[in-house]
Amino acid sequence: MIDVDDLRFAYAGGGFELSIPRLAVAPGEKVAVVGPSGTGKTTLLNLLSGIAVADAGRLIVDGADLGALSDKERRAFRANRIGFVFQNFALLDYLTARENILYPYRIGSGLRLDDTVRERAGVLAEACGLEGKVGRRPAALSQGEQQRVAICRALVTEPALILADEATGNLDPDTKTLILDLLFERADAADATLLAVTHDHELLSRFDRVVDFADFRAAAA
C-alpha cells in the first residue's frame, strides 16, 4: 500500500528536513507512528496524501507514483482513495456536521452521493455519538465533537488508506476507545490500511506495528 524509498522533503526557508530511507506498509496493515514533536510525522501524512510534494525519492501509495501526478491528479487521488483525519480537524465553518461528513462527495469526481452513502454517514455519526448534532455547524460543537465529525468524514468514502493525525488526542478515555474501535472496524470492513500518528502510548499494543521517527533520525545521522 505504501512504498517509500530515500524520501526527502524540506520546507521553504530551511530549518526542517524530513529524511526517510525506507518505509513499507502492507495492504490492510495498521501502523502507529510515534516520535517527538517536530520530527515530521504530520509532514509524512501530508506527503502520503499528496498535500505536500517530496523533493526527492520514491513515494508510491496504492499503486500511484505521487511524484508523477499533477496538483489536480493528486487532489483527485486524495478525495477518491484516502481518508484523512486532520489534527486541526479542517472542518468548513459554513457547513453543518452532516455536510462536512459528506464533503468528499462534493470534490471527488469518482465519488457518487446516493442514499447508501447518506445512510452510511448517518450510521457513522451515530457510532461516534453525534446523533442529534449533525445539523449543527462546527462552532456549535465541542472540540471533541468536531474531531468526531472529522473522523466520520475520513471514513465515509470507505477509503483504501486511512491517515489519522492524533485522531484520539482530544477525547476522553471512553470516547477514545470507541473511536479507535471504529477506526479498526471500518478499516477491516473495507480492507483498508491505517496509518495513525499518536502520542498515546497506551494505544500502541492494538496496532500491528509501530514506526518510531527516532529510527529515521538515527539512520540519517
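These figures come from a predicted structure and were not determined experimentally.

What counts and how
- Residues numbered from 1 in each chain as written.
- Predicted model: local features only at pLDDT ≥ 70, side-chain atom pairs only at ≥ 80, totals over all residues.
- Heavy atoms only, no water.
- Helix = DSSP H or I, 4+ residues; strand = E, 2+ residues; numbered from the N terminus.
- Rg over C-alpha atoms; globule rule 2.2 N^0.38 Å.
- Buried < 20%, exposed > 50% of the residue type's maximum accessible area, 1.4 Å probe, protein only.
- Salt bridge = Lys/Arg side-chain N within 4 Å of Asp/Glu carboxyl O.
- Pairing = 2+ DSSP bridges.
- Expected span 1.5 Å × (residues − 1).
- Arc of directions from axis to C-beta.
- Contact = heavy atoms within 4.5 Å.
- Polar contact = N/O pair within 3.5 Å; in protein donor to acceptor, adjacent residues only side chain to side chain.

What follows is about the overall build of the protein chain. Each helix and strand in the protein chain was counted, giving eight helices and nine strands. Taken over the C-alpha trace, the protein chain has a radius of gyration of 17 Å; the compact-globule value for 221 residues is 17 Å, and the two agree within 12%. Overall size of the protein chain, expressed as C-alpha extent along the three principal axes, is 50 × 40 × 35 Å. For the protein chain, buried positions account for 50% of its 221 residues.

The phi dihedral of D6 falls on the positive side, at around 50°, and the residue is not glycine. Its place among the elements puts D6 in strand β1 (residues 2–10). Located in the positive-phi region is D191, a residue other than glycine, with phi close to 55°. Looking at the secondary structure, you find D191 in the loop between α7 (173–189) and β8 (193–197). A relative accessible area of 64% means that D191 is categorised as exposed.

Our focus in this paragraph is the pattern of salt bridges. This structure, assessed with the given rule, holds 14 salt bridges. When the shortest N-O distance is used, the salt bridge between E158 and R120 registers 3.5 Å. In this pair, E158 is assigned in the loop between α6 (143–155) and β7 (161–165) and R120 in helix α5 (residues 115–127), connecting sequence segments 38 residues apart. Each of the salt bridges in this network shares a partner with another, and the network as a whole consists of D3, R22 and R58.

All right, on to the pairing of strand β4 (residues 56–61) then. The pairing of β1 with β4 spans five bridges and is antiparallel. Counterpart to I2 in the pairing with β4 is V61. One ladder, built from two bridges, connects β4 with strand β5 (residues 64–65); its direction is antiparallel. What sits directly across from I60, in β5, is D65.

Compared with the 18 Å implied by 1.5 Å per residue over 13 residues, the 18 Å span of α5 between its first and last C-alpha is a close match. Among all positions of α5, only V117, R120, A121, L124 and A125 are buried. One side of α5 holds all its buried residues, which, seen down the axis, span an arc of 135°. Pointing more than 90 degrees away from the buried face of α5 are the exposed residues D115, T116, E119 and E126. On its buried face, α5 is in contact with α3 (97–101), α4 (104–107), α6 and α7. Two to three positions downstream of the cap, the backbone nitrogen of T116 sits 3.1 Å from a side-chain oxygen, assigning the N-cap of α5 to D114. The positive-phi residue at the C-terminal boundary of α5 is G129, with phi of around 75°.

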